[in-house]
Structure formats: C-alpha cells, structure tokens
Amino acid sequence: MDSIPGSQEELLRMRKNGEAGKKGEDHGNALSRKEATEELIGCMVHSEEEAYKLYCDYGHRIGFSVRKGKQSYFIGTRDIRTKDYYCSKEGLKYDEPVTEANFNRPDTRTNCKAMVRFRVDEKGRWTVIRFVPLHNHQLAKPGERHLLRSAKSFAVGKSGVIDPAESAESHAMNGSSDRTVGDISEPPGYTTRDCYNHDNVQNITLIGAGDSQSLVSYFKRRTNEEGMFYWDVQVDQEGRMTNFFFRDGKSRSDYDCFGDAVIFDTTYRTNKYSLICAPFVGVNHHWHNVVFGFAFLLDDSTASYVWLFKSFLESMGGRSPKSIFTDQDEAIMQAAEQVFPNTQHCFSYWHILKNAQSHLGTVNTSQAFQNMFMKCMQGCDTEMELQESWDAMLDEYKLQDNDWLNGLYKFHNRWCSVFNKDTFDGGINSSQWGEVSNNILTGVADESTSITRFALLLEKVVKTLRRNESEEDFRCSQTAPVRAIKHSTVLKQAAESYTHRMYKLFEAEFLDGCGATSCHENSCGGSLLRFEITMQGRGSKMWTVLLDTSTMEISCGCGKFERMGLLCSHALKAFSLQNVDMVPEKYILKRWTKDARRSMYNLSQEDSTQQECTEAELAYRNRAMQYAYNLALKSQELEEARKIFWDSLETGEKALEVFFEMRNLHAQSAKDASTREKKKKKKIPKGPSTKKAKQALASSSAAPVLTAQTNEQQFQSAQDANGNATIGRSYYYQVFPTPMQPNQIFMHPNTMPVCAPQVFWLADWPEQN
C-alpha cells in the first residue's frame, strides 16, 4: 500500500533515503517524541547544514538546544569524516577559564551526554552512526521551546505574515485558551514578540459602540470560548449596569498559587467614562506582578466595594487572601472588614508614598524627611518608639496641622511594621519592591478609549505579564544562577530550589549574615539557644534570634520570614554558627521555588483558608475542578497526553465504583455481624460451659473475609506530582482471624486497577476470648 503524501510514514521513509532536508522540514512537528527518536537512527542527509538542522529540529521537538561539537577529517584532507553535535548543556562551566565576561553569566552546563554523530562517506552522504538520547537535566516544556537558542526557522503564511493556523497563540489571544506563548504546535524559533505584534493587530477588534452592552457581549464571548472565564455585573435600581468584574481561568490558577497577598489598586480611571479601573494584583514566584482580575466601578462607595469583594471572593471559590493592601480609603476599609473578616488589611507603602507627593509639597523632596518618614513605617520596634519618631518628624518640619498626616496616623496599625510583623506581604511593602512593579496600567488607555477596548487592552497587559513569567520559568529550568560561594551547600540548596530572582535575595541575606554581623550566643536551657546579633556598620540595633536545636525551629525579632517567607540574615547567621549546612525544608517557602505551580492542590491536607468556606463540599469541588482543568490544559496538545489524561479519569472512576461498592458491602457485613452477635447472646446458655460455647461459635463463624490490597510491585503505571505511586493492581484474598499457613490464602488477580495503597475491610473481626 502506498504511503499518503505528507504523512509521518512518508516523512520517515524520506529521512531514511536522505530526502529529509527537502520536504520533511515542513512536517517535523507532527512527530511524537518516540517517533522523533526513532527517526534519527540510521538517518541520512546530504550536507553539514542539513545534519545540523536535523538535530536542531529533533532538539526542538524534544526540548533542548544544540551545540556543534568535535569533528574529524579524512587523512591528508580537510574533508570532514565524522561530526558530533551535542546538547547545549554538555560539559561543565567550571571546566572553562573564569573571566570577567563569563563570571556572572548563568550556568547552563550540566555535563549532559546526549549527542549525535554523523559519518560522511565518499559520496558526501551524512549518516547517523551514534545517537545518545538520554539527558541529565530538565527539558524545555512545549510552551518554552520557542525560546531555545538553536531554534532558527521562522514560519510565515502565504501573505508574508504569521499564519494564525500554525500559531496556537492566535487562539489564546482570542480568549479560547490560556496557553502561554510558544505552544508545541509552533514551529521552531517562533518568537513571542513577532507573535504578539501580529496577533494584536488581527485580534483586537472592537465589538461595537454599545458601551455597557458591548462589554457584556465581550464577556459572553469569552465565557463561550473559555469555560473558566468569570464575570459579574451590578445594576442599579433602574436596571442600568454600573459595576463590572471579570477574570479568566488562568487568573484563578494564579490565585490558587499566589493569592496569599493581594494588592487592590483604585488609583486608575478610564478617561472617557471616568470609571475606576481596579485590578487585583499579586506577586508570583519570580517576584513579579500577577493579575487576579479587573473591576470597572462607577463610584467609590462602600456598597460598590462590598459588591466587588463578594464577587471576587465567589470567583475564587470562597478563599480569602491572608492579607490585602489598598489605598487609604475608609469605604474600602469598611468593605474589607465586612467581606474579608479573617484577612489582614494594610495600607500599601506604594500608595502612601505616592499620596505624600501631593499632600506634603516641597517637604517631601527632602531626603532627611523621607528617611524619618520611612523609619516611622518600617524602622520602629515598639509603639512608643513609633510615637516618639512621629512627633519628632512633625516638630522638625512643622507638620502638626497637616490633615493628611493626621488622618494617616489615625490608622497607624495598618501601615506601621510594629503592628504587622506577622502579616505576610510577599515583599509588597518592602523597600526593594519599587514603584515600577505596582503601576501596571500606566499608559494603557487615552481619552478616546472605550470601555470595551480598555478591557481588551487589559487582556494584552495580562498576556505580557504571563509571557514574561513563561520566559523566566524557562530561564530557571535551563540555567543555574551563579553562586557567590561556589562550594557552599546552603547556597547550592537555595539555587536548586528558588527561582533566580528569589535566590539573589536569599544570597544577599546569607552573605550579609555571615560576613557583616557580630553575634553573642547564650543558652536558655535545654536545646534552646539565644543569639543577640548586630549588623556591622549599621548602628547598635540588636536583633534577637531563638533557635531550638532539637527541632531546628528558629525565630527572629525582625519578622522577615513571617512577612516575606524568606529567612533573614540574622537567622542564617545563627544557623551558620551551629554548623547547619542545609536550610530546613519548612523554611523554604514553596511559593518562591521553581516548583511553585506544581502540586498546588493537595486534597489530603485541609488548610485554614478552606475552613473559611461555608461548605466543605463546595470548597473541595472547586479545587478539584480547577485541578482537572489545569491537567486538561496541560494535556490538550498531544494525542498521547490526552490519552493518558482520559485513562486516568476512567481509572479513577472505576476505582471509586469499587470503593463505594466495597463500602456498601462493609456496611452490610457490619450490620449482619451485629445481628448475629445479638442472636448469640440470646442462644448461649449461662454456666460453666459458656466459654466453650463462645469458642465453638467463634470457630464456626470464622468465615473468610474479602480484603482489597494493592500490590505495587505487580502494577504501577502512574505517579502523582510528588513522585508517589497512584495506580496499582488490586488483589482479593481471604483473611482468617486465626493463625494461618501461606497455602490457606487464595489470591485472585483483579484486572481493574485501583488507586494505591488502600485496604478495605468487608467485615468486623469476631470477638476472640
């Protein structure tokens, strides 16, 4: 039977016959990973360029970049005899001489042995004679492969622009998917900038000039295209739409990972309608902005904020943030207290400093005043110290009658660090965060921007933030940060765990603690130690660290770990003095690690945020649906991945059927056992023979009991996100209450796999005397 033109079978035959460089390059992305691997064995091309491109195409489909390697020549000529191509992570960086140019360059080498070797015959045919497919590092994900350095080709449509049919991102820009830029269906070298430049021109098409109705039509279209899109509208007494809230499915996933600290910003307005544009923003594991949703508000009344917060809470499955940071506004404070009673509400430092510019005039330009102001916000350890510092600042600059400052001090418990040491803020209120990270809406709209167009432009802002996160994820997975101390086990552990940005923050604390501190150690009895630490060159201020060497529990008076989730220099100094060469895992907060998005749903553990829900079943359902949704997104591109996903669902369904069936049998068996016990008590005569009668009844009633027990060695086809076996083959066997021999057990393999490991007892053991 002839092969179908353009099929994988024809492409494989063409590769074998050395025709790959002519036609196969247009279909390379259609091959699966297994087929791509088999494709290289014995493959033949006709030039060095084709050989390099062949391995680059393979690398792009698998997820790694390529470097040119060694080559040998025919004796007495410059004609190539053999040529090697390596994975770009071949070798080690420390094998190269250290220069000023490469010292701070991220480490990309892992001494990977993956390679391919071509041999050239006298006719100029390049044939694969050696192929090592195994890699010792993490491969690039499908959504990151367009960033590989060796991906050089660029696909264009017939019109000379990017073909939307070849771009998975063109669907995402239309709202039909939340996939990041550079999906597996993209050709090699598909750059995000070119994709966005083209798709933004094509896809930002205004729905019409119907203002509110136009926006609702946009929301409905997004809902139809994306099942997890959420939107809500509030109407006034006359039925007119006044307030809007919306977020997409990816924002819900982002909130589940990073929704512990939220910034609610109401300082931006759309110019045409003067509506308040209020984004809900958080901080991701790269310490960059992540958006949880947007709101358009007609006014800034308490009622509007109450409606908005309730809508936001409902869209996030009833899970409140640990802390929320807002502007100084009494309406927002009242609404937050009503809707988020268990959430710590604080004023954002960024908002305070921004308002100071307009309320303090030229005084705010004084560096001395700014230093005193920042000390009041972050540098006081007691309420008395705050009062003294505040009074000194007002006296120095004659600001006792400033209404804004007086109103600010009225709520000092919402912004002074003395009262918020245990409030997690993710670094939002730290001096390192900066204004650039907060004002994400600068320059988005102008005076002619309609509300619908503004919503589309906000979508573009979100996609840019997600593209940046995707690129940072790729950089973290493919490179390692340069460690200031090469052989430090603490820094090595941190570099392997944290993202690059968070590692640099941790490294700064580590170096500061180990190299710029003075310490005095005292024993408090037992395993508890007390350290009094001062920072060299920064005054005489002393920080107290308590360390329990038996449990490795540590706490510092500065409260950095509680606020930021990152150990401070004082705590790291105490660990160093006790020769602790690995930071305890509980002090490496997962939200700052490279794996922050992995296993974000742990259904076996109930946290306090879930208990806030009115119904535990509702909270469980929302989390389970989101988990399944994320898996569906992850598997939708490849047929093999979709099959694995569906097989897992079917396996889980069958396992649940078995569980409930056996549970019903257990209940019935327990009921029957209770009935028999009652009958025994009525029939057994009293007297000296009672004990023998009981023994006889127990012996006669010792019927075998069915037990489902997983045999993990027999069958294991899947693992959960933590690497634990999740699927096994169950066996049913008889269990006797009396001592038994191995030949008394009759085992029957059941072909239905169930989730491992679980044991279901079908009857209670008879009472033994």
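The structure displayed is predicted, hence computed values, not measured ones.

Procedures and definitions
Residue positions are given per chain, counted from 1 along the sequence in the order it is written. Only residues with pLDDT of at least 70 get local features here, since the model is predicted, and only at 80 or more are side-chain atom pairs given and counted; chain-wide, interface and lining totals rely on the full set of residues. Based on all heavy atoms of the structure, the side-chain values leave hydrogens and waters out of the count. For helices the rule is a DSSP run of H or I covering at least 4 residues; for strands it is a run of E covering at least 2, with both sets numbered from the N terminus onward. Relative accessibility under 20% of the residue-type maximum defines a buried residue, over 50% an exposed one, and the middle range a partly exposed one, all with a 1.4 Å probe and only protein chains included. Fitting a line to C-alpha atoms yields each axis, with helices limited to the stretch in contact; the angle taken between N-to-C directions then spans 0 to 180 degrees. Any angle that is under 35 degrees is reported as roughly parallel, and any over 145 degrees as roughly antiparallel; angles of 65 to 115 degrees are reported as roughly perpendicular and all others as oblique. Put simply, a crossing is left-handed when the front helix is turned counterclockwise from the back one by less than a right angle, and right-handed when it is turned clockwise. Contacts are assigned to residue pairs that have any heavy atoms within 4.5 Å of one another. UniProt positions are given in the numbering used here, feature names are shortened, and annotations may be inferred rather than shown by experiment. To count as a disulfide, a pair of cysteine sulfur atoms needs to be within 2.5 Å. Basic side-chain nitrogens of Lys or Arg form a salt bridge, by our definition, when they fall within 4 Å of a carboxyl oxygen of Asp or Glu. Pairing between two strands requires that DSSP report at least two bridges joining them. Two rings belonging to Phe, Tyr or Trp (six-membered ring only in the last case) form a pair when the distance between their centres is within 6.5 Å. Interplanar angles under 30 degrees mark stacking, angles over 60 mark edge-to-face geometry, and anything in between is tilted. Here, over-ring charges are defined by two tests on the NZ atom of lysine or the CZ atom of arginine: distance to the ring centre within 6 Å, and angle to the ring normal within 35 degrees. How far a helix is expected to stretch is found by multiplying one less than its residue total by 1.5 Å. As used here, the arc belongs to the directions running from the helix axis to the C-beta atoms. When residue character is reported, Ala, Val, Leu, Ile, Met, Phe, Trp, Tyr, Cys and Pro are called nonpolar, Asp, Glu, Lys and Arg charged, and the others, Gly included, polar. Take the buried residues of types Ala, Val, Leu, Ile, Met, Phe, Trp, Tyr and Cys, join any two whose side-chain atoms come within 4.5 Å, and each joined set is a nonpolar core. All the domain ranges listed were derived from an automatic or database domain assignment.

Chemist: Please explain the overall build of the chain as it appears in this structure.
Modeler: Helix and strand counts for the chain stand at 23 helices and 21 strands. Relative to its 769 residues, the chain shows a buried fraction of 46%.

Chemist: How should I be thinking about the packing of helix H16 (residues 489–497) against helix H17 (residues 500–515) in this particular structure?
Modeler: The description of two packed helices rests on the angle between their axes and on the distance between the axes. At a minimum axis distance of 9 Å, the contact between H16 and H17 shows a crossing angle of 165 degrees. Taken together, the axis directions place H16 and H17 in an arrangement best described as roughly antiparallel. Like other packed secondary-structure pairs, H16 and H17 cross with a definite hand, here right-handed. In contact with Val-490, Leu-491, Ala-494 and Ala-495 of H16, H17 contributes Tyr-503, Phe-506, Glu-507 and Phe-510.

Chemist: Where do I start with the UniProt feature "domain: SWIM-type" (unreviewed entry) in the chain in this structure?
Modeler: Here the UniProt feature "domain: SWIM-type" (unreviewed entry) sits at residues 543–579. Each end of residues 543–579 is marked by a C-alpha atom, and these two atoms are 20 Å apart; helix forms 38% of the span and strand 27%.

Chemist: Help me understand the state of the cysteines, please; the structure alone is not making it clear to me.
Modeler: For the structure on display, the rule yields 0 disulfides. The thiol sulfur of Cys-376 is not disulfide-bonded, and the nearest other cysteine sulfur, from Cys-380, lies at 5.4 Å. Accessibility expressed as a relative area gives 0% for Cys-376, which makes it buried.

Chemist: Can you walk me through the pattern of salt bridges in this structure?
Modeler: A side chain of one charge can pair with a side chain of the opposite charge when the charged atoms of the two come close. As enumerated under the stated definition, the model contains 25 salt bridges in all. The partner of Arg-222 in a salt bridge is Glu-459, with the nearest N and O atoms 3.5 Å apart. Here the residue Arg-222 occupies a position in helix H7 (residues 212–225), and Glu-459 occupies one in helix H15 (residues 451–478), the gap between them amounting to 237 residues. According to the relative accessible area criterion, Arg-222 is buried, its value standing at 4%. Taking relative accessible area as the criterion, Glu-459 reaches 11% and is therefore assigned buried. Across the pair Lys-586 and Glu-553 runs a salt bridge, and its minimum N-O distance is 2.8 Å. Of this pair, Lys-586 sits in the loop between helix H19 (569–577) and helix H20 (608–611) while Glu-553 sits in strand S17 (residues 553–556), and the two are 33 residues apart along the sequence. For Glu-553, a relative accessible area of 41% puts it in the partly exposed group. Salt bridges linked by common partners bring Asp-248, Lys-250, Asp-254, Arg-466, Glu-469 and Arg-597 together as one network.

Chemist: Which parts of the structure should I look at to understand the sheet that holds strand S15 (residues 528–535)?
Modeler: The strands that make up a sheet pair up through hydrogen bonds in the backbone, lying either parallel or antiparallel. Across the sheet, 4 strands lie side by side as S14-S15-S16-S17; this open sheet has antiparallel pairing. Since the sheet does not close on itself, it has two edges, and those belong to strand S14 (517–523) and S17, each with one partner. On average, each strand axis in the sheet is inclined to that of its neighbour by 20 degrees, with strand direction left out of account. Pairing of S14 with S15, which is carried by 7 bridges, proceeds in the antiparallel orientation. Across the sheet, the residue bridging to Ser-518 is Thr-534, located in S15.

Chemist: What am I meant to see in the packing of aromatic side chains here?
Modeler: Here a ring pair, both rings aromatic, is described through the centre-centre distance and the interplanar angle of the planes. Taken as a whole and judged by the stated rule, the model has 38 aromatic pairs. Look at Tyr-58 and Phe-131: their rings are 5.5 Å apart centre to centre, the planes differ by 80 degrees, and that puts the pair in the edge-to-face class. Of this pair, Tyr-58 sits in helix H4 (residues 48–62) while Phe-131 sits in strand S5 (residues 126–132); the two residues are 73 residues apart in sequence, bridging distant segments of the chain. Judged by its relative accessible area of 2%, Tyr-58 falls in the buried class. By relative accessible area, which is 16% here, Phe-131 ends up buried. Seen from their ring centres, Phe-561 and Tyr-587 are 5.2 Å apart, and the 75 degrees between their planes marks the pair as edge-to-face. Residue Phe-561 is found in helix H18 (residues 560–564), and its partner Tyr-587 is found in the loop between H19 and H20; the two are separated by 26 residues along the sequence. Positioned above the aromatic ring of Tyr-73 is the side chain of Arg-78, whose terminal nitrogen or guanidinium carbon lies 4.3 Å from the ring centre. The ring of Phe-424 is capped by Lys-322, whose NZ or CZ atom sits 5.9 Å from the centre of that ring.

Chemist: Is there a simple way to think about helix H13 (residues 383–397) in this case?
Modeler: The periodicity of an α-helix, 3.6 residues per turn, causes residues three or four places apart in sequence to face the same way. The end-to-end C-alpha distance of H13 is 21 Å, a good match for the 21 Å that 15 residues give at a rise of 1.5 Å each. Three or more residues of H13 are buried, namely Leu-386, Ser-389, Trp-390, Met-393 and Leu-394. On an axial view of H13, the arc spanned by its buried residues comes to 130 degrees, and they lie on one face. When the buried face of H13 is taken as reference, the exposed residues oriented beyond 90 degrees from it are Met-384, Glu-388 and Glu-396. A positive phi of about 50 degrees marks Lys-398, the residue just after H13.

Chemist: Before we go on, may I ask you to explain the packing of H7 against H15 in this structure?
Modeler: Their axes nearest at 8 Å, the elements H7 and H15 cross at an angle of 40 degrees. The way H7 lies across H15 gives a crossing that is right-handed. Across the interface between the two elements, Ser-214, Leu-215, Tyr-218 and Arg-222 from H7 touch Ile-451, Thr-452, Ala-455, Leu-456 and Glu-459 from H15. Across the contact of H7 with H15, the residue classes tally to 5 nonpolar, 2 polar and 2 charged.

Chemist: How do you make sense of the nonpolar core when you look at a structure like this?
Modeler: Generally speaking, nonpolar side chains in soluble globular proteins are found buried as a group. Core analysis: the biggest nonpolar cluster contains 69 residues, and Phe-296, Leu-458, Tyr-498, Phe-506, Ile-554 and Leu-567 have the highest contact counts within it. Examining the composition of this core, we find that 8 residues originate from one element, H15, more than from any other. Built from parts of two domains, this core gets at least three residues from each of domain 2 (206–348 + 443–479 + 641–659 + 721–732) and domain 4 (480–595). If near-sequence neighbours (up to four positions away) are discounted, Phe-296 is found in contact with Leu-215, Thr-242, Asn-243, Phe-244, Phe-246, Leu-275, Ile-276, Cys-277, Ile-451, Phe-454, Ala-455 and Leu-458.

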